[in-house]
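Residue-level listing of the chains:
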Amino acid sequence: EEEEEEEERRQTRSTRTKRRPMRPETESESEPDSDSDSDLEFGDDDLTIAAAEEAEEAAKKLEKATFEELSRIRISRHKLAHWCHERFFKDLVVGMVVRVSLGENNGHLTYRMAKIVGLEEGRVYDLEKTRTRYRAVLQIGASKRKFRMTFVSNQQISKSEFDFWCTQMEKNDNEGFPTVFDVEEKANELKKALDQIDDEDIIEYRIESRRRCGLAPSNLTREMEAIRTQHANSKENVVHLQEQLDKITARLNDSDTQLNEADALQLEMKEVKQSLASETQHAFELEEMISKFDEKKMMATMVRKENYSNMSKINEKNIKADREKSRRIRELERTGQLKEGVEKGELRIVLYFCCHASTCSLASMQTLSNTHTTFHSNTQTHMYL
């Protein structure tokens, strides 16, 4: 029995030895392999992350936007009227979705969801409190039609209207269906447009657009006064932020300031510095805008003065010519050279052009001569022509 037990123990030990994994002979030989493996694994991770990001980006470009996502780029009639004279309008609204009225059906108004795929200019029409010349080209499935923007609703798109639109788009192989990527891009464009600062070019574009629609143009001077007010407020904010920064710096330099309080002051100083830099840049941009406007206004004043000076010289010349004309008529009347067949009114016309010969072309003089063929050939009048 003892021999049998010993044999069993020997067999068990041999089995365990066979199952035990092989180990490297020395630690120095195993270390390079482990390092190379770790390097390889790190590289694979980078490639995996990059591939995942590319795949996610590609999926966004192919994945259709949901009802909630499309609600981010819905535009109402009120917004269309508010932005129709802005420079960014034509680029911004294309790609957005609307709720449009198709008219009555069995006594009920029918609304549909549609995507704006273009803008076309036409006759000017009323749009809420303004006027516009744009018509929106709307897509519902394979159908594309022009609509006045007055038919766009201010209300949200309903789920049933979204489902109907999806059905129509599927019949057209989902051509033009907005993707998640499209929605994100359009949302970024919208934010950028809302954050823009009005400069002189934007104001002039707005005024010209309103003028083309027959609206009374806005007063550029009034617009610039509003910008001057913004500039003054911005300068006050810069002074206030600088004072706040000086106070924080003084408290940090104070030896009685505790460590935890110093950390909070450092964070506050960082925020104030960022705000100060942003406000300073804003004030600088407004100041440049005002300088350009003042320079243009000064140039316009100089041109106006020059025009007034030229007009004064012309008027003075005309007055001298009128006096010469009257003098000649009086001389003809006094010497009796004014014949009965020639009326004073016709003679005055002839003398007027003779006295203004320096500003009258030869062609116009010949035309006048041909017009007055009723004059008698033996009169003194033709001498002046």
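Residues numbered from 1 in each chain as written. Predicted model: local features only at pLDDT ≥ 70, side-chain atom pairs only at ≥ 80, totals over all residues. Heavy atoms only, no water.

1. Considering the pattern of salt bridges
- Tallying each qualifying case throughout the model produces 14 salt bridges.
- Of the charged contacts in the structure, one is a salt bridge between R212 and E121, with a shortest N-O distance of 3.4 Å. You can see R212 sitting in helix α8 (residues 200-212) and its partner E121 sitting in strand β2 (residues 108-127), a full 91 residues away along the chain.
- Its relative accessible area of 45% is what places R212 among the partly exposed residues.
- Linking R327 and E331 is a salt bridge whose minimum nitrogen-to-oxygen distance equals 3.3 Å. Linking R327 with E331, this pair stays in helix α10 (residues 259-335), spanning four residues, or about one helical turn.
- Classification of R327 as partly exposed rests on a relative accessible area of 39%.
- The exposure class assigned to E331 is partly exposed, which follows from its relative accessible area of 36%.
- Three or more residues joined by partner-sharing salt bridges are found here, namely E324, R327, R328 and E331. (Salt bridge = Lys/Arg side-chain N within 4 Å of Asp/Glu carboxyl O. Helix = DSSP H or I, 4+ residues; strand = E, 2+ residues; numbered from the N terminus. Buried < 20%, exposed > 50% of the residue type's maximum accessible area, 1.4 Å probe, protein only.)

2. A word on the pairing of strand β3 (residues 130-140)
- Within β3, 10 of the 11 residues are buried, which leaves it mostly tucked inside the rest of the structure.
- Judged from the nine bridges that link them, β2 and β3 form a sheet pairing that is antiparallel. Following the sheet pairing, E121 is matched in β3 by Y134.
- Joining the antiparallel neighbours β2 and β3 is a turn of two residues, in which E128 adopts a positive phi near 50 degrees.
- Relative to strand β4 (residues 143-148), β3 runs antiparallel, the two being bridged by six bridges. The residue of β4 that forms the bridge with A136 is F147. (Pairing = 2+ DSSP bridges.)

3. A look at helix α6 (residues 159-171)
- The end-to-end C-alpha distance of α6 is 19 Å, a good match for the 18 Å that 13 residues give at a rise of 1.5 Å each.
- Burial in α6 covers these residues: E161, F162, W165, C166, Q168 and M169. The buried residues of α6 occupy an angular sector of 165 degrees when the element is viewed end-on, so they sit on one face. For α6, exposure combined with an orientation more than 90 degrees from the buried face picks out S160 and K171.
- Where α6 is buried, its residues touch α3 (67-70), β1 (97-105), β2 and β3.
- Immediately beyond the C-terminal end of α6, within one or two residues, lies D173, with a positive phi of roughly 60 degrees. (Expected span 1.5 Å × (residues − 1). Arc of directions from axis to C-beta. Contact = heavy atoms within 4.5 Å.)

4. A word on the packing of aromatic side chains
- This model, assessed by the stated rule, comprises four aromatic pairs.
- The interplanar angle of 70 degrees and the centroid separation of 6.0 Å between the aromatic rings of W83 and F88 together place this pair among those described as edge-to-face. Side by side, W83 and F88 carry an identical accessibility label, which is buried.
- When the ring centre of Y111 is taken as origin, the NZ or CZ atom of R99, which lies over that ring, is 3.9 Å away.
- A cation sits over an aromatic face here: R112 above F164, 4.0 Å from the ring centre. (Phe/Tyr/Trp six-rings, centres within 6.5 Å; stacked < 30°, edge-to-face > 60°. Lys NZ or Arg CZ within 6 Å of the ring centre and 35° of its normal.)

5. Here we look at the environment of F89
- Residue position: F89 is located in helix α5 (residues 89-93).
- When its relative accessible area of 1% is taken as the criterion, F89 is described as buried.
- F89 has contacts with L80, W83, C84, L119, Y134 and M149, leaving out every residue within four places of it along the chain.

6. Digging into the sheet that holds β4
- On the basis of which strands lie adjacent, the open sheet formed by four strands has the order β1-β2-β3-β4 and antiparallel pairing. Only two strands of the sheet have a single neighbouring strand rather than two, namely β1 and β4. Each neighbouring strand pair of the sheet contributes to a mean axis angle of 45 degrees, computed without reference to strand direction.
- By the bridge criterion, eight bridges tie β1 to β2 in an arrangement that is antiparallel. (Axes fitted to C-alpha atoms, helices over the stretch in contact; angles between N-to-C directions.)

7. Quick word on the confidence of the model for the chain
- On average, residues of the chain carry a pLDDT of 75, and 69% of them reach 70 or more.
- Taken together, the stretch residues 17-42 has pLDDT below 50 and engages in one contact with residues farther than four places along the chain or on a different chain.
- Ignoring residues within four places in sequence, the model shows residues 340-344, a span with pLDDT below 50, making six contacts including any to other chains. (pLDDT = per-residue confidence, 0-100.)

8. Observations concerning the nonpolar core
- By size, the foremost hydrophobic cluster in this structure holds 38 residues, and its most contacted members are L70, I75, F89, L138, M149 and W165.
- Listing elements by their share of this core, those giving two or more residues are α3, α4 (77-83), α5, β1, β2, β3, α6 and α7 (180-194).
- In terms of residues, this core owes the most to one element, β2, which gives five residues.
- Setting aside anything within four residues of it in sequence, one finds L70 in contact with A65, V97, M113, F162, W165, P178 and V183. (Core = buried A, V, L, I, M, F, W, Y, C linked by side-chain atoms within 4.5 Å.)

9. Brief notes about a nonpolar patch on the surface
- A grouping of M298, M299 and M302 is seen on the molecular surface, where their side chains present a nonpolar patch of about 320 Å² in accessible area.
- By the element assignment, M298 lies in helix α10. (Patch = residues over 30% accessible without salt bridge, like charges linked within 9 Å, V, L, I, M, F, W, Y side chains within 5 Å. Areas by Shrake-Rupley, 256 points an atom, 1.4 Å probe, with all protein chains shown as cover.)

10. Quick notes on the environment of E68
- The topology assignment puts E68 in helix α3.
- Residue classification places E68 among the exposed positions, given a relative accessible area of 56%.
- E68 sits 91 residues away from K159 along the chain, and the two C-alpha atoms are 9.7 Å apart.

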